[in-house]
Amino acid sequence: MCATSDITESLNTLAHTILEQGEYVQMIQIYAKALKHNHQLAAAYFGRGIAYSELVQNQRPLGSFDEYVRLAPNDTDGYEYWGRIHESLDQYERAIPLV
């Protein structure tokens, strides 16, 4: 069995390749499979949130970024994207507490 860091690195490499191709639905599917195997994989939640954002899936990215922030509370990128999603939904008061 691969270590979590190996899985994360493989996911990130694959995701960057798919991102360059603009295959966001495929990215979501890959991250969903990864999360079935390890629901604590923060990078998968972050990547899935990015993919949903690129597809303009409205509130769908929020759940992914919520989990990412819970699992990686010291990484400001998760908070930034979480705030951006709320801003895009005109939910300014929801984004402000994290600033």
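Please refer to the structure higher up on the page.
Residues numbered from 1 in each chain as written. Predicted model: local features only at pLDDT ≥ 70, side-chain atom pairs only at ≥ 80, totals over all residues. Heavy atoms only, no water.

**Student:** What am I meant to see in the packing of helix α3 (residues 42–54) against helix α4 (residues 60–71) here?
**Tutor:** Helix packing for two helices is described by the angle between their axes and how far apart those axes are. Here α3 crosses α4 at 155 degrees, and the two axes come no closer than 8 Å. The angle between α3 and α4 places the two elements in the roughly antiparallel class. Relative to α4, α3 is oriented so that their crossing is left-handed. Here A42, A43, Y45, F46, R48, G49, I50, Y52 and S53 of α3 lie close against α4, whose contacting residues are R60, P61, S64, F65, E67, Y68 and L71. For the contact of α3 with α4, the per-class residue count stands at 10 nonpolar, 3 polar and 3 charged. (Axes fitted to C-alpha atoms, helices over the stretch in contact; angles between N-to-C directions. Helix = DSSP H or I, 4+ residues; strand = E, 2+ residues; numbered from the N terminus. Parallel < 35°, antiparallel > 145°, perpendicular 65-115°, else oblique. Left-handed = near helix turned anticlockwise from the far one by under 90°. Contact = heavy atoms within 4.5 Å. Nonpolar A, V, L, I, M, F, W, Y, C, P; charged D, E, K, R; others polar.)

**Student:** Even after reading the chapter, I still don't get the pattern of salt bridges, so can you show me in this structure?
**Tutor:** Any two side chains of opposite charge can pair if their charged atoms end up close together. Scanning all chains against the criterion turns up 2 salt bridges. A salt bridge links R70 to E67; its shortest N-O distance comes to 2.8 Å. Of this pair, R70 and E67 are both found in helix α4, 3 residues apart, which corresponds to roughly one turn of the helix. Salt-bridge contacts for R84 lead to E80; the nearest nitrogen and oxygen are separated by 2.4 Å. In this pair, R84 and E80 are both assigned in helix α5 (residues 76–88), 4 residues apart and thus about one turn of the helix distant. Among the residues examined, E80 registers a relative accessible area of 36% and is labelled partly exposed. (Salt bridge = Lys/Arg side-chain N within 4 Å of Asp/Glu carboxyl O. Buried < 20%, exposed > 50% of the residue type's maximum accessible area, 1.4 Å probe, protein only.)

**Student:** Honestly, the environment of I18 in this entry has me stumped. Any pointers?
**Tutor:** Tracing the backbone through its elements, the reader meets I18 in helix α1 (residues 4–21). By relative accessible area, which is 3% here, I18 ends up buried. Contact partners of I18, with chain neighbours within four places excluded, come to E23, Q26, M27 and I30.

**Student:** Help me out: how do you make sense of the nonpolar core in this one?
**Tutor:** Inside soluble globular proteins, nonpolar side chains tend to come together where they are buried. The biggest cluster of nonpolar side chains holds 24 residues, and the ones touching the most others in it are L11, M27, Y31, L41, A44, F65 and Y68. If you list the elements that add at least two residues to this core, you get α1, α2 (24–37), α3, α4 and α5. Setting aside its immediate chain neighbours within four residues, A44 contacts L11, Y31, A34 and L35. (Core = buried A, V, L, I, M, F, W, Y, C linked by side-chain atoms within 4.5 Å.)

**Student:** Where do I start with the packing of α2 against α3 in this structure?
**Tutor:** Between α2 and α3, the least distance of the axes is 9 Å, while the angle of their chain directions is 155 degrees. In terms of their interaxial angle, α2 and α3 are classed as roughly antiparallel. As for how α2 packs across α3, the hand of that crossing is left-handed. Listed contacts from α3 to Y24, M27, I28, Y31, A34 and L35 of α2 are A43, A44, Y45, G47, R48, A51, Y52 and E54. Partitioning the contact of α2 with α3 into residue classes produces 11 nonpolar, 1 polar and 2 charged.

**Student:** Help me understand the packing of aromatic side chains, please; the structure alone is not making it clear to me.
**Tutor:** Given two aromatic rings, one states the distance between the centres and the angle between the planes to describe the pair. Considering all chains together, one arrives at 4 aromatic pairs under this definition. With a centroid separation of 5.6 Å and an interplanar angle of 15 degrees, the aromatic rings of F65 and Y81 are classed as stacked. You can see F65 sitting in helix α4 and its partner Y81 sitting in helix α5, a full 16 residues away along the chain. Judged by relative accessible area, which is 24%, Y81 ranks as partly exposed. Taken together, the aromatic side chains of F46, F65, Y68 and Y81 make up a single cluster linked through ring pairs. The ring of Y81 carries R84 above its face, with NZ or CZ at 4.9 Å from the centroid. (Phe/Tyr/Trp six-rings, centres within 6.5 Å; stacked < 30°, edge-to-face > 60°. Lys NZ or Arg CZ within 6 Å of the ring centre and 35° of its normal.)

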